[in-house]
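Examining the three-dimensional arrangement
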Amino acid sequence: MTVVNEGVELTVTGNPPTATPDVPRALATRSFDDRASWMSAMAGALGIVWIAYQITGWSGRLGFTLLWFVVYLALYAAISRAGNPRPVVFDRLAAATVAGGAVVVGLALLSTVSYTVQKGWPAFSQWGNFYTETAAGVRPTAPLDQGGILHAIAGTAIMVGIALLISLPLGLGTAVYMTEVGGRAARVVRTVVEAMTALPDVLAGLFVYATLILVFHLDRTGFVAAVALAVTMTPIVARSAEVALRVVPGGLREASLALGASQGSTVWRVVLPTARAGLATSLILGIARISGETAPLLIVSGASTYQNLNPFAEPMNSLPLYIFSAVRSGQPNFIARGFGAATVLLALVTVLFALARYLARPKRGSR
Amino acid sequence: MTTAELDTPRELGQVYSTADKAFRRTTAGIGMTVLALTGAIGLFLGYQAIPTLRRYGLSFFTENQWLPQRDVVGLSSVLLGTVEVALVALVVGFPLALMTALYISEYAPRRLKSWFVGLIDLMAAVPSIIYGLWGFFFLQPQTIHVSRWLAQHFGWIPVFHVDTDPNAATWAQTKFTASAFIAGLAVSMMVIPLACAVMRSVFAQAPLGEREAALALGATRWGMIRTVVIPFGQGGIIGGTMLALGRALGETVAVLLIISPAFDIKVNILQVGTETTSALIAGLFGEASKAQLSALLTAGFVLFVLTLAVNTVAAVFVNRSRSGAATEI
């Protein structure tokens, strides 16, 4: 047999290579039996449970769904057993159970989001006043077309801004220290930072209280609250920024150093710009995390009903605190406003999150 | 006249320029600041705890009442409540997180996988106060029926016992609200994404060669998961669960919104009233007197030590499993 290879004629002896390129076998094939089994088990279980509920007079959606799932598993096992060996039956049951668990988690998330938005919509859709007015002089029982949450939105924006100013240099600097300088001390810092990210958020509030308020006698102003948020945010930023910096290829650093750049300018001009997307993501996720942080604010923040743009005097409100006090008031209209504010917060977090995912998306064509 | 000496390697000492030294010192300074900040949290809370601990001694951990005006302060019921809520959250959250992680890493269609990962991350990013609202306004009215059912059929187990007749035609609904069980359910929503993310990332690292070997030997997909993925991911499963435990122990706002404070030592989780350390701190801090403040700071210190211990153990497990030390190829 002869094979033409770039104009050179080769004579190949032995086994001839196949002329067609290898096609990978489709691994996830499902036979008709596979599909029909679970569908019929599903339908059969629904019928059985429905009839059982008609006969016995049981009630409750949750119980119905659970019983349906259990009967479904039993039927599925029975149907599978008819024409399949034991391992296949176990395989199918495991797949059904695992998928069931994932569906429960998905439904729980869906119900959280949809319930919040549904309850919050009446207040959320008051475009005329909800975002342009404050709660000053508005009684909790007032109808939804009076008053708004501008003061809480502004307060959250200012607090998050200050917290960002504090935690961005600290977090980024720590990340640079952990990845670029290294050493034994850096390992200690990394361990501690990792432990910090999982620390209960209420402790950040206690810490700031024990220092700024007890020792330095500051008032419960927006600035003190922002410091508490910064304490929560710094380790989060440091840790995720470190992950972003670690994937910067070492060759880039070495190239820069070999050209005679100092370590500082290597980091500033090569490492940080390369990791820009990852750093932005870590920062945005940090912002998303602290904008909804409630526990430290319960301890160190006062809550105003009026607009206060000065973080160093007078208390300042924020979205999470507003939500908390609103839903605890027991007044239906105030609770509705709280849910409106919760919807705003949820929308904010979702937008930030989508932005982070967009920035961190894998780039096509690069490397 | 040949030299008999062996070649000795030249000393490769690093000499940093002034600019490099300045850079290294600055970043090290920032790193140390963060380290000091963290250490300061423990130190300050510990320092504030000394007077309280000296005053109440061991009774701070054995007394169950919290009556600062009568000078009776103790954490035993609160710590029990903390553990109960965390355990409920784990018992519910662990299987769900494990199944979700397995589903995403092993069963989900490849195109949807990154979407599911994103959804779980989003679930982790949802503020805890929103889960608190959901738990209080949406979950609670539904869950009391589950609680009642459990009390009806398993009431003979102390954990599920409720001090009322669950079979009564007009049953005392308020006896079933604001319980550790409902708070634990809300907390489980926060620990599921955390544990799931850790478990999924470890499962995804299960070596392809071993997976294919299992499949080539005729294992079903479940057989492959049971013999390759789960043994490989053991460290991640344990570590993720410990991280979830740490989070569940410290969760504040959602618990505070749901429970009604009660300071009795009881194990019946379905019954109204419980208290957790973080909810105690956040709930009482606003209107606390001077003496009570230091008691609350002491409670904070206890919480700090507790969660730090749990998280450190978790980090050890997760790091060990991620470094690949668990595989034997």
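Per chain, residue numbering runs from 1 following the sequence as it is written. As they are written, the chains are lettered A onward and the ligands numbered 1 onward, keeping that order. Local features in a predicted model are, by the rule used here, given only for residues with pLDDT of at least 70; side-chain atom pairs are given and counted only at 80 or more, and totals for whole chains, interfaces and linings are based on all residues.

**Things to note about the overall build of chain A**
Helix and strand counts for chain A come out as 13 helices and two strands. Radius of gyration here is computed from C-alpha atoms only, and the compact-globule reference equals 2.2 Å multiplied by the residue count raised to the power 0.38. Here the C-alpha radius of gyration of chain A, 30 Å, is well above what a compact globule of 367 residues would show, namely 21 Å. In terms of its C-alpha atoms, chain A occupies a principal-axis envelope of roughly 90 × 85 × 40 Å. Residues with at least 20 neighbouring C-beta atoms inside 10 Å of their own are called buried, those with 12 or fewer are called exposed, and the rest are partly exposed, where every C-beta is derived from the backbone. Relative to its 367 residues, chain A shows a buried fraction of 41%. The contact criterion used here is simple: two residues whose C-beta atoms, placed from the backbone, lie within 7 Å are in contact. For chain A, the share of sequence-separated contacts (at least 6 apart) that also reach a separation of at least 24 residues comes to 68%. The helix and strand labels rest on DSSP assignments: H or I over at least four residues marks a helix, E over at least two residues marks a strand, and numbering proceeds from the N terminus.

**Points about the overall build of chain B**
Secondary structure assignment for chain B yields 11 helices and two strands. Each helix and strand of chain B, ordered N terminal to C terminal, gives the series α-α-β-β-α-α-α-α-α-α-α-α-α. In summary, chain B has a C-alpha radius of gyration of 26 Å against a globular reference of 20 Å for 329 residues, an excess of more than 25%. Considered along the principal axes of its C-alpha atoms, chain B spans approximately 105 × 60 × 30 Å. Per-residue burial over chain B gives 50% buried out of 329 residues. Of the contacts made within chain B by residues no fewer than 6 positions apart, 77% connect residues no fewer than 24 positions apart.

**So, the interface of chain A and chain B**
At the interface, 74 residues of chain A touch 67 residues of chain B. Per element, the largest residue contribution to the side of chain A that touches chain B is 19 residues, and it comes from helix H3 (residues 86-124) of chain A. For this classification, Asp, Glu, Lys and Arg are treated as charged, while Ala, Val, Leu, Ile, Met, Phe, Trp, Tyr, Cys and Pro are nonpolar and the rest, including Gly, are polar. The residue makeup of the side of chain A that touches chain B, split by class, is 52 nonpolar, 16 polar and six charged.

**Describing the environment of B:Thr177**
All names here are of chain B. Structurally, threonine 177 is set in the loop between helix H5 (128-154) and helix H6 (180-203). Separated by 59 residues in the primary sequence, threonine 177 and glycine 236 place their C-alpha atoms 35 Å from one another. Residue contacts for threonine 177: discarding those within four places in its chain leaves Gln140, Ile144 and Val272.

**Details of the packing of helix H5 (residues 184-197) of chain A against helix H1 (residues 18-56) of chain B**
Axis angles are defined between N-to-C directions and span 0 to 180 degrees, where every axis is a line fitted to C-alpha atoms and, for a helix, only to the segment in contact. Running from amino to carboxyl end, H5(A) crosses H1(B) at an angle of 45°, the nearest separation of the two axes being 10 Å. Between H5(A) and H1(B), the interaxial angle falls into the category oblique. Relative to H1(B), the crossing made by H5(A) is left-handed. The residues of H1(B) that touch H5(A), namely those facing A:Ala185, A:Ala186, A:Val188, A:Val189, A:Val192, A:Val193 and A:Met196, are B:Ala28, B:Gly31, B:Val34, B:Leu35 and B:Thr38. Partitioning the contact of H5(A) with H1(B) into residue classes produces 10 nonpolar, two polar and no charged. For this classification, under 35 degrees means roughly parallel, over 145 means roughly antiparallel, 65 to 115 means roughly perpendicular, and everything else is oblique. Crossing chirality is assigned from the near helix's rotation relative to the far helix, an anticlockwise turn below a right angle marking it left-handed and a clockwise turn marking it right-handed.

**Focus on the environment of A:Ala136**
Residue and element names in this part refer to chain A. Note on placement: alanine 136 falls in the loop between H3 and helix H4 (150-181). As for alanine 136 and glycine 44, which are separated by 92 residues in sequence, their C-alpha atoms are 59 Å apart. Not counting the four nearest positions on each side in its chain, alanine 136 is found in contact with Thr305 and Tyr306.

**A closer look at the domain arrangement of chain A**
All names here are of chain A. An automatic or database domain assignment supplies the start and end points of every domain. Each domain of chain A was delimited in the assignment, giving domain 1 (33-124) and domain 2 (150-359). Put simply, the middle of domain 1 and the middle of domain 2, counted by C-alpha atoms, are 41 Å apart. Across the boundary between the two partners, domain 1 contributes eight residues, which contact eight residues of domain 2. Looking at the side of domain 1 that touches domain 2 residue by residue, the classes come out as five nonpolar, two polar and one charged.

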